[in-house]
Amino acid sequence: MKPVFAKILEGSEIKTFATKEVNRPVFSTEFHFHSACQMTYIVQSEGKRIIGDNVDRFLPDELTFIGSDLPHVWHNDQNSDLLEEEAKSLALYIEPSLTIETLGQFFNPHKIESFFNLSKRGLIFYGKTKRELKSKLLDIVRTAYGPQKTILLLEILDTMVNTDEFECISS
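## Some thoughts on the overall build of the chain
In terms of helices and strands, the chain carries five helices and eleven strands. Whereas a compact globule of 171 residues would reach a radius of gyration of roughly 16 Å, the chain reaches 15 Å, a difference of no more than 12%. For the chain, the C-alpha atoms occupy an extent of roughly 50 × 35 × 35 Å along the three principal directions. For the chain, buried positions account for 45% of its 171 residues.

## Focus on the side chain of E95
Looking at the element boundaries, E95 is found in the loop between β9 (87–94) and α2 (96–103). Comment: no salt bridge for buried E95; closest opposite-charge side chain is K120, at 9.8 Å. Here the side chain of E95 touches S35 through a polar contact of 3.0 Å, side chain to side chain.

## As for the pairing of strand β6 (residues 54–58)
Across five bridges, the pairing between strand β5 (residues 47–51) and β6 is antiparallel. Bridging across to β6, I51 finds its partner in N54. Where β5 hands over to β6, the hairpin turn is made up of two residues, of which G52 adopts a positive phi near 60°.

## Details of the pattern of salt bridges
Per the stated rule, a full pass over the model turns up seven salt bridges. Among the salt bridges present, the one from E21 reaches R142, with a minimum N-O distance of 2.9 Å. Taken together, the positions of E21 in strand β2 (residues 17–24) and R142 in helix α4 (residues 127–142) put the pair 121 residues apart, joining distant regions of the chain. Of the residues examined, E21 reaches a relative accessible area of 38% and is grouped as partly exposed. Across the pair K134 and D61 runs a salt bridge whose closest N-O atoms are separated by 3.1 Å. Of this pair, K134 sits in helix α4 while D61 sits in the loop between β6 and β7 (63–66), placing them 73 residues apart in sequence. The exposure class assigned to K134 is partly exposed, which follows from its relative accessible area of 27%. One continuous salt-bridge network, built from bridges that share partners, spans D61, K130 and K134.

## Some words on unusual backbone geometry
Non-glycine residue D61 carries a positive phi angle of around 75°. Despite not being glycine, D69 has its phi angle at roughly 65°, a positive value. By the secondary structure assignment, D69 is in the loop between β7 and β8 (72–76). According to the relative accessible area criterion, D69 is partly exposed, its value standing at 44%.

## Some thoughts on α4
It helps to recall that an α-helix has 3.6 residues per turn; residues three or four apart then point in one direction. Counted at 1.5 Å a residue, the expected span for α4 with its 16 residues is 22 Å, and the 23 Å between its end C-alpha atoms agrees. Turning to α4, the residues buried within the fold contact β2, β4 (37–44), β7, β9, β10 (123–125) and α5 (147–161).

## Concerning the sheet that holds β9
Across the sheet, which stays open at both edges, the six strands sit in the order β2-β9-β4-β7-β10-β11 with antiparallel pairing between neighbours. Looking at strand neighbours, the two that pair on one side only are β2 and β11 (166–168), the edges of this open sheet. For this sheet, the mean angle separating the axes of adjacent strands, direction not counted, is 20°. Where β4 lies against β9, seven bridges are found, and the strand directions are antiparallel. Across the sheet, the residue bridging to C37 is I94, located in β9. Here helix α3 (residues 110–118) sits on the sheet and contacts β4, β7, β9, β10 and β11; the angle it forms with β10, its principal contact strand, is near 105°.

Reading the values: rules and limits
Residues numbered from 1 in each chain as written. Predicted model: local features only at pLDDT ≥ 70, side-chain atom pairs only at ≥ 80, totals over all residues. Heavy atoms only, no water. Helix = DSSP H or I, 4+ residues; strand = E, 2+ residues; numbered from the N terminus. Rg over C-alpha atoms; globule rule 2.2 N^0.38 Å. Buried < 20%, exposed > 50% of the residue type's maximum accessible area, 1.4 Å probe, protein only. Lys, Arg positive; Asp, Glu negative; His and termini not counted. Salt bridge = Lys/Arg side-chain N within 4 Å of Asp/Glu carboxyl O. Polar contact = N/O pair within 3.5 Å; in protein donor to acceptor, adjacent residues only side chain to side chain. Pairing = 2+ DSSP bridges. Expected span 1.5 Å × (residues − 1). Contact = heavy atoms within 4.5 Å. Axes fitted to C-alpha atoms, helices over the stretch in contact; angles between N-to-C directions.

This is how it looks when you write it as structure tokens:
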């Protein structure tokens, strides 16, 4: 299965980050990759996920962060019970190069840059960090554009770079 390139932030009003709330009968994207990093929280659904060279199951309450250009997809189980349910997720897309360039105007973003490089293996969060990120992700998805949305992005980045409560998914 060959991944396809997806344009995520092209044409967006804001070039550095965007959010998305998905409510569909099933997750229906192709195996794809993009330059933006992607945080995904599975609200409701289960099935198989492919991230890089890793194939595993996903369940509700899973929080992942996928680095730039890492191929990925979520596929729902194909059984009659699941098709009656909805696939729900929250996503945050961050353009790493623009984020690092912008933050470099305020401080040395080396720690964030290192985190973005590590995330090219795909990360799954757990524990207190997952709870904090899940709450902030819900807030940023539901917040209108403006300073508060940017503050939440910075809080999410700060939480991610200052924790060890994650595991790498892909080699």
